[in-house]
Number of protein chains: 2
Amino acid sequence: MAGIALGLHGGCGTLERSLQSEADWAESREHIALALRAGWKILSSGGTALDAVQATVVMMEDSPHFNAGHGAALTARAEHELDAAIMDGNNLAAGAVCMVRRVRNPIEAARAVLDGATAVLLAGDAADEFAASVGVSMVDPSYFTTQRRIDALLLLQQLAQTGAFVPATEAEKHGTVGAVARDANGHLAAATSTGGFNNKPPGRIGDSPIIGAGTYAHDGICAVSCTGQGEIFIRRVAAYDLAARMQYGGQSLQDAANTLVFDTLASHKIGAGMVTLGATGNPFAPYNTLGMYRGWITTEGDMTVATHAELHNIGKA
Amino acid sequence: MAGIALGLHGGCGTLERSLQSEADWAESREHIALALRAGWKILSSGGTALDAVQATVVMMEDSPHFNAGHGAALTARAEHELDAAIMDGNNLAAGAVCMVRRVRNPIEAARAVLDGATAVLLAGDAADEFAASVGVSMVDPSYFTTQRRIDALLLLQQLAQTGAFVPATEAEKHGTVGAVARDANGHLAAATSTGGFNNKPPGRIGDSPIIGAGTYAHDGICAVSCTGQGEIFIRRVAAYDLAARMQYGGQSLQDAANTLVFDTLASHKIGAGMVTLGATGNPFAPYNTLGMYRGWITTEGDMTVATHAELHNIGKA
C-alpha cells in the first residue's frame, strides 16, 4: 500500500528511566508495538485511517501502562471520568465523549458518536447510555482501576494534607494516548483517549475530547493528537493551530509542530507533545518533556518505538 | 475613551417578522439595547473588555427573549442544560461551563472558572458546585423555564410521535447569545451563553462552551462569539478559524468572517452567524439566516440594534 503511515503517542509523561524497572519499560514498549501492529494491519489491508486510529487507541486503552481505559487516572473523588475523540479527515466528521464511566473503550464510544449521534460531543451518563444503546461494550468502573493509580492518588492526597507542595510527576500528569494515520486513499484520521490526570477535579474536561484542541484531522493538511496539560491546549486551540499554520501560513508540518511544542505551548511552562502526520511523508512526534511514549510505522513499513530520546528500530512492521 | 467598541448577538434564529408580534419584537430590541448599555457603561468608564462582555451577556441571559439563562431551551427530557464560555484576549485566559442546571447566570460561572478554577472547562454538577462554592448566585432549575419553550418542546415531541418530519424553526435552533468588546487599553474579550436547542439530546455539548469553536478572543487579532448549529462549528473550529485566517492568512476581519459564514459554514447547509471585533474598527456581525438578533456600539459611540436586514439606529449610547 503506497503512502500509508501510522503514528501514536502514549503521553509525554514518561518516568525517568532510572525510576522505571526494566520489565515495566520493556512491556510498555511491547504494548506500543502491539498497538502499532493493530492499526497497521488495517491500513496494509486497505482499511481506512479512521478504523486504524481506533484500533490503535483501543490497544493503548487496554494496556495498564497508559492513562486511558484500563489504567486510567483517578479524580480527586477516586473515580474515573474518561474522555475520547476521533476525527475523520476525509469529511471532517467527528465524535467525542467526556466524563464517561462505564464504556470499556472510550474511543469506541467516540466512534459511535461519530457514526450515529446527532451530537459531536456527548457528556457523562448520557454518553454512557448512548454507547450502550448502540452496542458498545460496557464494564463496571472498577475495570479501569489499577493499583498504581490508587497508590499515586493516595500519595498525592496525603502529601496535600500535610501542606507540602506536591508537584505531580509528569508521568501522573500526561498519560493521554493518541494515534494518527493515513490510508491508501490518502485519507487522514486522528484519535485521542485519556483519563485526565490523577487527583483531577471532578467535572474537569481537558483537551482530548475537544476537536481542534487535542484532536484534529483534515485531509490534505494534517492529523494530530496531543498530550500535555489540557487547559493550555484548549486556550491555544493547539491541534487546529497546527493545521492553520500549515493551511494559511504555509508552514511545513515539522516547522508548525516544533513551533507549537517548543515555543507556543512551552511558553506556558508546560510539558507538551504530539504525534502528527501530513498529507504525505512520515509521522512526526515532537515533545518537550523527559520522554514521550511513542511509535510509528513509516511509508516504507519500518517500525520505531521510543520512550525517551533513544529510538528503538523494530524492523519491518 | 478612544477605540472602545461593543457588539452582541442574540442568535441567528429570528422568526419571520410576520410571525412575531409588534410588542414581542419591540421588547426584544429593547433588551438588546439594555444589554449593550450594560457593557458600554463598563467600557466607557475605563473597565475591562472582559467585564463588559460578561455584563452584556448577563442581561441577555436575564431576558426571556433569548435562548440562554431565563428562557433557555429544554432538552428532550424537558430539563435545562446550560453552556457558557468567556475568554480574555489579553492573556488567553478562559473559563467555560457545560451542562449546568442551577447557576442563575451561566456566564458568571464561566467567569468564576476563568478566575479561580484549575480547569478551563467544568461540566455538570461539579460546575454547579464550583460556582456555588465561590458565591455565584444559584436558582431552582424552574427559573429558566418559560411557557414558550414548554409549548415548543411539546409541539416538537407530539409531531415527532406522529412520524411527521418536523424541522425545528430557526428560532428554536439558534438562540445562543454572545458578546465581544474592546476596552480602552485595546484588550479584547468574548463571551457566549446558550441553552442549546429545544429537544436536544441530554448530554449534548455544543460549540458555545468550546474555546475555539463558539468563542475566542486574542488581543491584536479578533474576538468572536458564534451562533448556529454547534456541531458544525466544532468540526470547523470556527471561532479560531476566524483568528487563524487573519493571523496566518493575512485576511481582514470582514473577509475572514464572510468566508466562514457564507462559504465554510454555509457549505454544511446550516444557519450560521457571529459577532466579531478586530484589534481596531467596529463590530461586524454577518449571518446567513433570515435574521440575527444583534447590536453594537461603534468607536464613535453610535448604537445600532437589529433583528432582520433593517438596521435601527438608536443614536448615541
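To keep things clear, this report deals only with the structure shown in the data block. Remember, predicted model here, so these are calculated numbers, not experimental data. (Residues numbered from 1 in each chain as written. Chains lettered and ligands numbered in written order. Predicted model: local features only at pLDDT ≥ 70, side-chain atom pairs only at ≥ 80, totals over all residues. Heavy atoms only, no water.)

1. Section: the overall build of chain A
Alright, step 1. Regarding its fold elements, chain A presents nine helices and 13 strands.
Alright, step 2. In terms of C-alpha radius of gyration, chain A reaches 18 Å, essentially the compact-globule figure of 20 Å for 317 residues.
Alright, step 3. Based on the C-alpha atoms only, the size of chain A along its principal axes is roughly 55 × 45 × 35 Å.
Alright, step 4. Looking at chain A as a whole, 62% of its 317 residues qualify as buried.
Alright, step 5. For chain A, contacts bridging at least 24 residues in sequence account for 68% of all contacts bridging at least 6. (Helix = DSSP H or I, 4+ residues; strand = E, 2+ residues; numbered from the N terminus. Rg over C-alpha atoms; globule rule 2.2 N^0.38 Å. Buried < 20%, exposed > 50% of the residue type's maximum accessible area, 1.4 Å probe, protein only. Contact = heavy atoms within 4.5 Å.)

2. Side note on the interface of chain A and chain B
Alright, step 1. On the side of chain B, 37 residues touch chain A, which itself brings 37 residues to the contact.
Alright, step 2. Taken together, both faces of the contact between chain A and chain B bury some 2900 Å²; the carbon and sulfur share is 65%.
Alright, step 3. Across the contact surface, chain A and chain B share two salt bridges.
Alright, step 4. A salt bridge links A:Glu129 to B:Arg77; its shortest N-O distance comes to 3.0 Å.
Alright, step 5. Linking chain A with chain B are 16 residue pairs in polar contact (both at pLDDT 80 or more), by the criterion used here.
Alright, step 6. Secondary structure elements with two or more residues in the side of chain A that touches chain B: strand 3 (93-100), strand 4 (121-123), helix 4 (124-133), strand 7 (204-205), strand 8 (215-218), helix 7 (230-235) and helix 8 (238-247) of chain A.
Alright, step 7. Taken together, the residues of the side of chain A that touches chain B break down into 23 nonpolar, six polar and eight charged.
Alright, step 8. Summarising the sheet, strand 4 of chain A and strand 7 (residues 204-205) of chain B pair through two bridges and their orientation is antiparallel. (Buried area = accessible area lost by both parts, 1.4 Å probe. Salt bridge = Lys/Arg side-chain N within 4 Å of Asp/Glu carboxyl O. Polar contact = N/O pair within 3.5 Å; in protein donor to acceptor, adjacent residues only side chain to side chain. Nonpolar A, V, L, I, M, F, W, Y, C, P; charged D, E, K, R; others polar. Pairing = 2+ DSSP bridges.)

3. Some points on empty space enclosed by the protein
Residues and elements named next belong to chain B.
Alright, step 1. Under the definition given, this model contains three cavities of 30 Å³ or more.
Alright, step 2. Here the largest cavity defines a volume of roughly 70 Å³.
Alright, step 3. Taken together, 11 residues make up the lining of the largest cavity; nearest its centre are Thr176, Gly196, Arg204, Asp207 and Gly228.
Alright, step 4. Here the residues of the lining of the largest cavity are counted per class, giving one nonpolar, seven polar and three charged. (1 Å grid on protein atoms, 1.4 Å probe; cavity = no way out; pocket = protein on both sides within 12 Å on 5 of 7 lines; lining within 4 Å. Points joined across faces, edges and corners; volume = space filled by probe spheres on them.)

4. Let's talk about helix 4 of chain A
Alright, step 1. Restricting attention to buried positions, one finds in helix 4 of chain A the residues A:Gly124, A:Ala126, A:Ala127, A:Asp128, A:Phe130 and A:Ala131.
Alright, step 2. Check the buried side of helix 4 of chain A and you find it contacts strand 3, helix 3 (106-116) and strand 4 of chain A.

5. Considering the packing of helix 8 (residues 238-247) of chain B against helix 9 (residues 253-264) of chain B
Residues and elements named next belong to chain B.
Alright, step 1. Relative to each other, helix 8 and helix 9 sit at 140°, their axes nearing to 9 Å. When the interaxial angle is binned, helix 8 and helix 9 end up oblique. Remark: the crossing between helix 8 and helix 9 carries right-handed chirality. Listed contacts from helix 9 to Ala238, Asp241, Leu242, Arg245 and Met246 of helix 8 are Leu253, Ala256, Ala257, Thr259, Leu260 and Thr264.
Alright, step 2. Residues of the contact of helix 8 with helix 9, tallied by class, amount to seven nonpolar, two polar and two charged. (Axes fitted to C-alpha atoms, helices over the stretch in contact; angles between N-to-C directions. Parallel < 35°, antiparallel > 145°, perpendicular 65-115°, else oblique. Left-handed = near helix turned anticlockwise from the far one by under 90°.)

6. Looking at the relation of the copies chain A and chain B
Alright, step 1. Turning chain A through 180° and shifting it by 0.0 Å along the axis lays it on chain B, with an RMSD of 0.0 Å. The symmetry that links the two subunits is that of a two-fold axis. Judged by C-alpha distance, A:Tyr248 is the residue of chain A that lies nearest the rotation axis, at 2.6 Å.
Alright, step 2. Comparing interface residues between copies, 100% of those in chain A also sit at the interface in chain B, which points to an isologous, same-surface contact. (Least-squares fit on C-alpha atoms with pLDDT ≥ 70 in both.)

7. What about the sheet that holds strand 1 (residues 5-9) of chain B?
Alright, step 1. An order of 7(A)-4(B)-3(B)-2(B)-6(B)-5(B)-1(B)-11(B)-12(B)-13(B) is seen for the 10 strands of this open sheet, with the pairing classed as mixed. Looking at strand neighbours, the two that pair on one side only are strand 7 of chain A together with strand 13 (311-316) of chain B, the edges of this open sheet.
Alright, step 2. Of the pairings in the sheet, the one linking strand 2 (residues 82-88) of chain B to strand 6 (residues 188-194) of chain B comprises six bridges and is antiparallel in character. Looking at the pairing, B:Met87 lines up with B:Ala190 of strand 6 of chain B.
Alright, step 3. Across the sheet, helix 4 (residues 124-133) of chain B lies against strand 3 (93-100) and strand 4 (121-123) of chain B, angled at about 110° from strand 4 of chain B, the strand it touches most.

8. Quick notes on the nonpolar core
Alright, step 1. Within the largest apolar cluster, 106 residues are counted, with the highest numbers of intra-cluster contacts made by A:Tyr216 and B:Tyr216.
Alright, step 2. Once you skip the residues sitting within four places of it in the chain, B:Tyr216 turns out to touch A:Arg235, A:Val237, B:Met87, B:Leu92, B:Ala190, B:Ile211, B:Cys222, B:Ala223, B:Val224, B:Ala239, B:Tyr240 and B:Ala243. (Core = buried A, V, L, I, M, F, W, Y, C linked by side-chain atoms within 4.5 Å.)

9. Comments concerning the pairing of strand 6 of chain B
Residues and elements named next belong to chain B.
Alright, step 1. Extensive coverage of strand 6 is indicated by the burial of seven of its seven residues.
Alright, step 2. Burial along strand 6 is two-sided: Leu188, Ala190, Thr192 and Thr194 and Ala189, Ala191 and Ser193, pointing in opposite directions, are all buried.
Alright, step 3. Sheet topology places strand 5 (residues 177-182) next to strand 6; six bridges connect them, and they run antiparallel. Looking at strand 6, one finds that Arg182 is bridged to Leu188.
Alright, step 4. Counting the residues between successive antiparallel strands, the hairpin from strand 5 to strand 6 contains five residues, one of them, Gly186, with a positive phi of roughly 85°.

10. What about the side chain of A:Thr307?
Residues and elements named next belong to chain A.
Alright, step 1. Examined against the element boundaries, Thr307 turns out to sit in the loop between strand 12 (302-306) and strand 13 (311-316).
Alright, step 2. The exposure class assigned to Thr307 is buried, which follows from its relative accessible area of 1%.
Alright, step 3. Of the polar contacts made by the side chain of Thr307, one reaches the side chain of Trp25; its length is 2.8 Å.
Alright, step 4. Only 2.7 Å separates the side chain of Thr307 from the side chain of His308, close enough to count as a polar contact.
Alright, step 5. Aside from chain neighbours lying at most four places away, what touches Thr307 is Thr14, Trp25, Ser28, Arg29, Gly291, Met292, Tyr293 and Arg294.

11. Describing the pattern of salt bridges
Alright, step 1. On inspection of all chains with the given rule, the structure shows 20 salt bridges over all chains.
Alright, step 2. Across the pair A:Glu231 and A:Arg204 runs a salt bridge, and its minimum N-O distance is 2.8 Å. Linking A:Glu231 in helix 7 with A:Arg204 in strand 7, this pair joins segments that are 27 residues apart in sequence.
Alright, step 3. The exposure class of A:Glu231 is buried, given its relative accessible area of 5%.
Alright, step 4. In this structure, B:Glu79 and B:Arg101 form a salt bridge, with 3.4 Å as the shortest nitrogen-oxygen distance. With a gap of 22 residues between them, B:Glu79 in the loop between helix 2 (49-62) and strand 2 and B:Arg101 in the loop between strand 3 and helix 3 (106-116) connect regions that are remote in the sequence.
Alright, step 5. One continuous salt-bridge network, built from bridges that share partners, spans A:Asp51, A:Arg111 and A:Asp115.

12. Points about the sheet that holds strand 7 of chain B
Alright, step 1. As summarised here, the arrangement of the 10 strands in space is 13(A)-12(A)-11(A)-1(A)-5(A)-6(A)-2(A)-3(A)-4(A)-7(B), forming an open sheet in which the pairing is mixed. Sheet topology places strand 13 of chain A together with strand 7 of chain B at the edges, where each strand pairs with a single neighbour.
Alright, step 2. Packing of helix 4 of chain A onto the sheet brings it into contact with strand 3 and strand 4 of chain A, and relative to strand 4 of chain A it is tilted by some 110°.

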